[in-house]
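Close look at the chain arrangement
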Amino acid sequence: MPNLPLTVAERRSEAERLIQIARRLLDRPDEEMVVNYLDHAIEALNMIEPDSPS
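Residues numbered from 1 in each chain as written. Predicted model: local features only at pLDDT ≥ 70, side-chain atom pairs only at ≥ 80, totals over all residues. Heavy atoms only, no water.

Before going further, it helps to examine the environment of Ala-22. Along the polypeptide, Ala-22 turns up in helix 1 (residues 8-25). On the basis of relative accessible area, Ala-22 is assigned to the partly exposed category, the value being 24%. (Helix = DSSP H or I, 4+ residues; strand = E, 2+ residues; numbered from the N terminus. Buried < 20%, exposed > 50% of the residue type's maximum accessible area, 1.4 Å probe, protein only.)

It is worth spelling out the side chain of Arg-12 at this point. Considering the arrangement of structural elements, one finds Arg-12 in helix 1. In this structure Arg-12 comes out as buried when scored by relative accessible area, which is 16%. A distance of 3.2 Å separates a polar atom in the side chain of Arg-12 from the backbone oxygen of Ile-48. (Polar contact = N/O pair within 3.5 Å; in protein donor to acceptor, adjacent residues only side chain to side chain.)

Between its first and last C-alpha atoms helix 2 (residues 32-47) spans 23 Å; for 16 residues at 1.5 Å apiece the expected length is 22 Å, and the two agree. Taken as a whole, helix 2 has its buried residues at Val-35, Leu-38, Ile-42 and Leu-45. Axial view of helix 2: buried residues confined to an arc of 75°, hence all on one face. Facing away from the buried side of helix 2 by over 90 degrees, the exposed positions are Glu-32, Met-33, Tyr-37 and Met-47. Of the surrounding secondary structure, the elements contacted by the buried residues of helix 2 are helix 1. (Expected span 1.5 Å × (residues − 1). Arc of directions from axis to C-beta. Contact = heavy atoms within 4.5 Å.)

Right, let's talk about a nonpolar patch on the surface for a bit. Side chains of Leu-18, Ile-21 and Leu-25 sit close together on the surface and give an oily, nonpolar patch of about 270 Å² of accessible area. By secondary structure assignment, the location of Ile-21 is in helix 1. (Patch = residues over 30% accessible without salt bridge, like charges linked within 9 Å, V, L, I, M, F, W, Y side chains within 5 Å. Areas by Shrake-Rupley, 256 points an atom, 1.4 Å probe, with all protein chains shown as cover. Salt bridge = Lys/Arg side-chain N within 4 Å of Asp/Glu carboxyl O.)

Rendered as structure tokens:
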């Protein structure tokens, strides 16, 4: 991956992509709490203003 500076939108998109991958890997019943935290992380990313300082 190149070391180019990413925009806020690109960083958020990448974070959301990685969270979605993690969610798919956590499929056991005892991992449900972790999946809930990941869902909250995505919600928090979506609550931040798009033009917030990085």
